[in-house]
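For reference, the chains in residue letters:
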There are 2 protein chains.
Amino acid sequence: MAKKKASRRKLSPVTQRAPMKAKLTPRDKRTLSQLTGLADGVVVAARQRRDPHVDIPARALSNVRYSPRKRIIEMGKRTTRRKLFDLAQAKAFMQTMLVARGVKDLIDQGKSNSIRGLFYTLRGKIADTNEHTFDQQSDCDPIIEDVEVTLASLREEMHLFADPKGAMVGNIVVTDSGDDIDCSRMGSGGYAIPSIVEPDIMQFKQCNARFVLHVEKGTVWQRFNEDKFWRKHNCILTHGGGQPPRGVRRLLHRLHHELKLPVYCLLDNDPWGYYIYSVIKQGSINLAFESTRMAIPDARFLGIRSIDFERCGLSDSVKIDLNDTDRKRARQIASYPWFAHKKPWQREIKKLLDNGFKLEVEALISKDISYVTEEYTPARLKNKDWLD
Amino acid sequence: MAKKKASRRKLSPVTQRAPMKAKLTPRDKRTLSQLTGLADGVVVAARQRRDPHVDIPARALSNVRYSPRKRIIEMGKRTTRRKLFDLAQAKAFMQTMLVARGVKDLIDQGKSNSIRGLFYTLRGKIADTNEHTFDQQSDCDPIIEDVEVTLASLREEMHLFADPKGAMVGNIVVTDSGDDIDCSRMGSGGYAIPSIVEPDIMQFKQCNARFVLHVEKGTVWQRFNEDKFWRKHNCILTHGGGQPPRGVRRLLHRLHHELKLPVYCLLDNDPWGYYIYSVIKQGSINLAFESTRMAIPDARFLGIRSIDFERCGLSDSVKIDLNDTDRKRARQIASYPWFAHKKPWQREIKKLLDNGFKLEVEALISKDISYVTEEYTPARLKNKDWLD
């Protein structure tokens, strides 16, 4: 009997320590009560001698749809039942409970962790076997996503952070973990956007800015910051180091919805730039359940556009030939339901394909070092010349 | 004749506009005088009817050596002559002059650019031919490096920035482009370390910190920042998002040499972690000419170490098997001249190979979420237990 008890502890290493009790925020209390609800369901079923199970919203493409009314990608109502007493599902069931347990510990302790750190914490040999709870990170990640959608909690609410990327400057003061950060006094480096920007960690203290300009790359962001674009145009300037990480998307979402700031995106004229815009605007297909708190349907695509080669009088030397993957991706994106019925977007993508080349934002710099900050972008804003 | 003039303008698009005159810093004046010297050499040769040439320090591995006295990798004295009137070298000669010209324009204008932006600015058709000045970015990058070593200027002094990565918090106030940034009041996000941290852009205004802790990854940095490690231990906490970019290395170098702060590195226990340490400490082999202003020979490797699996009582579940590439890289690194004669390093790498597995810093988190911040790192510092 003693051996069995020891084994049980081994199965779930996170239970070994008594978690320190931290001060809980309202968000934490909500997430905890959802976690407890999940566990209670299992306990009640066991007591009533019914098979324990969890119903997990299906994260399949077939359960994702675009809502033309809300203008976001959202999940359907289909769920998948995961049962303990099913040989094919028992391991996933155990893993789901482990992740829920790990997240509960984090909230109890008032700490956060990376998904890598959580994986290590939960990984262990299952007693009397050679089986690991999780073999590798890629076994753990989908279970984390399962728990997210089951609890209807963002990963950030589960105290899980991602690798931070992206920076912000501009006419806004944010309070981050109690520190007031004046983003108009952040020099050339800027404020590094953290991975978790939920309201209990970050509050908007003061904001005079009239809009947000989001650029794709850090190098372009530096050009705009050096020319103090945000000061001249009274805005906030962000970048996400390419495809923006969750923290940056969530921050843009909050700036847009809470402070009512329009969000303009300055991205490359290629399928990747279109895709970044699509994710900012409608949400990502893989993580459709987050759209309501991540997507910004009113985000605008400021450029650069397929017509810019001629419109801006660029030289042939800035052209980069489209390859087959580019062409295929461009056609896919043109058929996305949120682009399919928009004539300006169809024209934009057709023109890209007709051009046969793509353009990076840096191409505008070939005209003049400050052309993009002093002429191109101000002209687009002044003429309300963007794609929706 | 008129046609010829137009052609000549086309060859060198950067000459088309009259550069705005910016206020020059002492560093700018020095770089400009070196650029002028480079051009003068060509002009004088032409006037005296000698063949114009530039002598470029050879960036070949055979011209790189480790100086045991200075404890950095440095370039030898060998140079390669690049001539205008040599069919094999004429294009590279022209490209060298174009890059020098582009850099001069940036300094004259008081602006900076990415290497991508410079490439676009300099790219163009050579008149009456189908030849481009540069075909692709990879043609331009080595020429930029040639100009760097010829002028003995860092890329940053040539107003060229890289993609920014990495963040800083801790007990230091820096002045960045005129803004005072108190890194002890930077919340969970931190100050985004800019790409150019030269003294005319960034000054150290006030510093109470006793040392710098540099960690490899942003996720580990967040763990340390959340636990306010830098406050408890009165230090500065930085990360470089993996292999630290030039801005982070240069900042660490300045913190170490100007403020006399010891630099401790907390990296993964694998060949990649060793390599990151090696570059921080001795400089990189590819860019040996920067070592005097980038390398920190006294940087210390705090961990994590091959003995930590046993010393810290980690569970089998944190092991990641070494693959063939890991083993090969580990042996290469063991034979680096700066590790070859150090017994502790030979033991460290031998133990890694004997273990047959590697460990990530996150493995320590499997013991307890704050084990690495509250026990492991403080113990290493207290016992002066590191590798040199």
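Residues numbered from 1 in each chain as written. Chains lettered and ligands numbered in written order. Predicted model: local features only at pLDDT ≥ 70, side-chain atom pairs only at ≥ 80, totals over all residues.

Asker: I'm lost on the overall build of chain A in this one. Help?
Answerer: Per the secondary structure count, chain A includes 16 helices and 17 strands. In terms of overall dimensions, chain A has a C-alpha envelope of 80 × 45 × 40 Å along the principal axes. Counted over contacts in chain A with a minimum sequence separation of 6, partners at least 24 positions apart contribute 72%. (Helix = DSSP H or I, 4+ residues; strand = E, 2+ residues; numbered from the N terminus. Contact = placed C-beta atoms within 7 Å.)

Asker: Where do I start with helix α8 (residues 246–259) of chain A in this structure?
Answerer: It helps to recall that an α-helix has 3.6 residues per turn; residues three or four apart then point in one direction. Residue and element names in this part refer to chain A. Taking 1.5 Å per residue as the helical rise, α8 with its 14 residues ought to reach 20 Å, and the 19 Å between its terminal C-alpha atoms agrees with that figure. When you tally the buried positions in α8, you get 11 out of 14 residues, the bulk of the element. Where α8 is buried, its residues meet β12 (211–215), β13 (235–239), β14 (263–266), α9 (271–282) and α10 (291–294). Where α8 ends, the next residue or the one after it, K260, has phi of about 60 degrees, a positive value. (Expected span 1.5 Å × (residues − 1). Buried ≥ 20, exposed ≤ 12 C-beta atoms within 10 Å, placed from the backbone.)

Asker: Would you mind going over helix α4 (residues 115–122) of chain B with me for this structure?
Answerer: By the criterion of burial, α4 of chain B is predominantly enclosed, with eight of the eight residues buried. Of the positions making up α4 of chain B, those classed as buried are I115, R116, G117, L118, F119, Y120, T121 and L122 of chain B. Of the surrounding elements, those touching the buried residues of α4 of chain B are α6 (218–226) and α15 (362–365) of chain A together with α3 (90–109), β5 (113–114), α5 (137–151) and β6 (160–161) of chain B.

Asker: Help me out: how do you make sense of the sheet that holds strand β11 (residues 202–207) of chain A in this one?
Answerer: Remark on secondary structure: sheet strands pair via backbone hydrogen bonds, oriented parallel or antiparallel. Residue and element names in this part refer to chain A. With antiparallel pairing, three strands are arranged side by side in an open sheet as β9-β8-β11. Edge positions in the sheet fall to β9 (179–182) and β11, since each has one partner strand and no second. Averaged over neighbouring strand pairs, the angle between their axes works out to 25 degrees when direction is ignored. (Pairing = 2+ DSSP bridges. Axes fitted to C-alpha atoms, helices over the stretch in contact; angles between N-to-C directions.)

Asker: Would you mind going over the pairing of strand β8 (residues 172–176) of chain B with me for this structure?
Answerer: The side chains of a regular strand alternate between the sheet's two faces. All names here are of chain B. Only one face of β8 is buried: it carries I172, V174 and D176, and the other face, with V173 and T175, is open. As paired strands, β8 and strand β11 (residues 202–207) are joined by five bridges and run antiparallel to one another. Along β11, the bridge assignment pairs V174 with F204. Direction of pairing for β8 relative to strand β9 (residues 179–182): antiparallel, over a ladder of four bridges.

Asker: Any chance you could explain the domain arrangement of chain A here in plain terms?
Answerer: Quite often, the size of an interface is put as the accessible area lost when its parts meet. Residues and elements named next belong to chain A. The domain boundaries assigned to chain A delineate domain 1 (2–161) and domain 2 (167–382). Taken together, the contact pairs 19 residues of domain 1 with 19 residues of domain 2. For the side of domain 1 that touches domain 2, the secondary structure elements donating two or more residues are β2 (64–67), β3 (72–75) and α5 (137–151). For the side of domain 1 that touches domain 2, the class distribution of residues is 10 nonpolar, two polar and seven charged. (Domains from an automatic or database assignment. Nonpolar A, V, L, I, M, F, W, Y, C, P; charged D, E, K, R; others polar.)

Asker: What is the right way to look at the interface of chain A and chain B in this model?
Answerer: Between chain A and chain B, the contact holds 50 residues from the first and 51 residues from the second. Elements represented by at least two residues in the side of chain A that touches chain B include exactly β5 (113–114), α4 (115–122), β9, β10 (191–192), α6 and α15 of chain A. A class-by-class count of the residues in the side of chain A that touches chain B yields 16 nonpolar, 21 polar and 13 charged.

Asker: Honestly, the sheet that holds β11 of chain B in this entry has me stumped. Any pointers?
Answerer: Residues and elements named next belong to chain B. Strand order in this open sheet of three strands is β9-β8-β11, and the pairing throughout is antiparallel. Looking at strand neighbours, the two that pair on one side only are β9 and β11, the edges of this open sheet. Averaged over all adjacent pairs, the angle separating strand axes in this sheet is 25 degrees, with direction ignored.

Asker: Teacher, can you tell me more about the packing of helix α3 (residues 90–109) of chain A against α5 of chain A here?
Answerer: How two helices sit against one another is set out by the angle between their axes and by the gap between those axes. Residues and elements named next belong to chain A. One can describe the packing of α3 onto α5 by two numbers: an axis separation of 9 Å at closest approach and a directional angle of 70 degrees. Judged by the angle between their axes, α3 and α5 are roughly perpendicular. Crossing handedness for the pair α3 and α5: right-handed. On the side of α3, the interface is formed by A92, Q95, T96, V99, A100 and V103, while α5 contributes I143, I144, D146 and V147. Split by residue class, the contact of α3 with α5 holds seven nonpolar, two polar and one charged. (Parallel < 35°, antiparallel > 145°, perpendicular 65-115°, else oblique. Left-handed = near helix turned anticlockwise from the far one by under 90°.)

Asker: Would you take a moment to explain the relation of the copies chain A and chain B for this structure?
Answerer: Note on the chain copies: they are related by a rotation about an axis and a translation along it. Of the transformation superimposing chain A on chain B, the axial component is 0.0 Å and the angular component is 180 degrees, with the fit at an RMSD of 0.0 Å. As the rotation angle and translation indicate, the two copies are arranged about a two-fold axis. Of all interface residues in chain A, 100% are interface residues in chain B too; the two copies therefore contact each other through one and the same surface. (Least-squares fit on C-alpha atoms with pLDDT ≥ 70 in both.)

Asker: What is the right way to look at the packing of helix α12 (residues 324–334) of chain A against helix α14 (residues 343–355) of chain A in this model?
Answerer: Residue and element names in this part refer to chain A. The N-to-C vectors of α12 and α14 enclose an angle of 170 degrees; their axes lie 10 Å apart at closest approach. One finds that α12 runs roughly antiparallel with respect to α14. Only Q346, I349, L352 and L353 of α14 make contact with α12, whose side of the interface consists of R327, A330, I333 and A334. Taken together, the residues that form the contact of α12 with α14 break down as six nonpolar, one polar and one charged.

Asker: So what exactly am I meant to see when it comes to unusual backbone geometry here?
Answerer: A negative phi angle characterises most non-glycine residues, just as the trans form characterises most peptide bonds. Cis geometry marks the peptide bond from G303 of chain A to I304 of chain A; its omega dihedral reads 0 degrees. Mapped onto the elements, I304 of chain A comes out in the loop between β15 (300–303) and α11 (308–311). One non-glycine residue, R49 of chain B, lies in the positive phi region at around 60 degrees. Mapping R49 of chain B onto the fold places it in the loop between α2 (26–47) and β1 (53–57). Even without a glycine there, the phi angle at R71 of chain B is positive, about 60 degrees. By the C-beta count within 10 Å, which is 17 here, R71 of chain B ends up partly exposed.

Asker: Even after reading the chapter, I still don't get the pairing of strand β13 (residues 235–239) of chain B, so can you show me in this structure?
Answerer: Residues and elements named next belong to chain B. Across the five residues of β13, five count as buried, placing the element largely inside the fold. Burial along β13 is two-sided: the residues C235, L237 and H239 and I236 and T238 are all buried. Examined bridge by bridge, strand β7 (residues 167–170) and β13 share four bridges and lie antiparallel to one another. Counterpart to A167 in the pairing with β13 is H239. Taken together, the five bridges between strand β12 (residues 211–215) and β13 define a ladder with parallel strand orientation. Bridge assignment links F211 to a residue of β13, and that residue is C235.

Asker: I tried to follow the environment of P68 of chain B on my own but got confused; where do I start?
Answerer: By the element assignment, P68 of chain B lies in the loop between β2 (64–67) and β3 (72–75). Look at P68 of chain B and you get exposed, because 10 C-beta atoms sit within 10 Å.

Asker: In this structure, what is going on with the nonpolar core? I would like to understand it.
Answerer: The tendency in soluble globular proteins is for nonpolar side chains to be buried as a group. Ranked by internal contacts, the top residues of the largest apolar core, which has 186 residues, are Y191, L237 and C265 of chain A together with Y191, L237 and C265 of chain B. Apart from the residues within four sequence positions on either side, L237 of chain A is in contact with M168, V169, G170, L213, W221, F224, N225, F229 and W230 of chain A. (Core = buried A, V, L, I, M, F, W, Y, C linked by C-beta atoms within 7 Å.)

Asker: Can you help me understand the confidence of the model for chain A in this one?
Answerer: Low pLDDT means the predicted atomic positions in that stretch should not be read closely. Residue and element names in this part refer to chain A. Summary statistics for chain A give a mean pLDDT of 92 and a share of 95% for residues scoring 70 or more. Here residues 1–18 scores under 50 on pLDDT; set against residues more than four positions off or in separate chains, the count is 17 contacts. Two numbers describe this predicted complex: its pTM, 0.92, and its ipTM, 0.91. (pLDDT = per-residue confidence, 0-100.)

Asker: Quick question: what am I supposed to make of the environment of P337 of chain B here?
Answerer: Residues and elements named next belong to chain B. Locating P337 in the fold gives a position in helix α13 (residues 337–340). Among the residues examined, P337 registers 12 C-beta atoms within 10 Å and is labelled exposed. Note: C-alpha distance between P337 and S67 (270 residues apart in sequence) is 9.3 Å.

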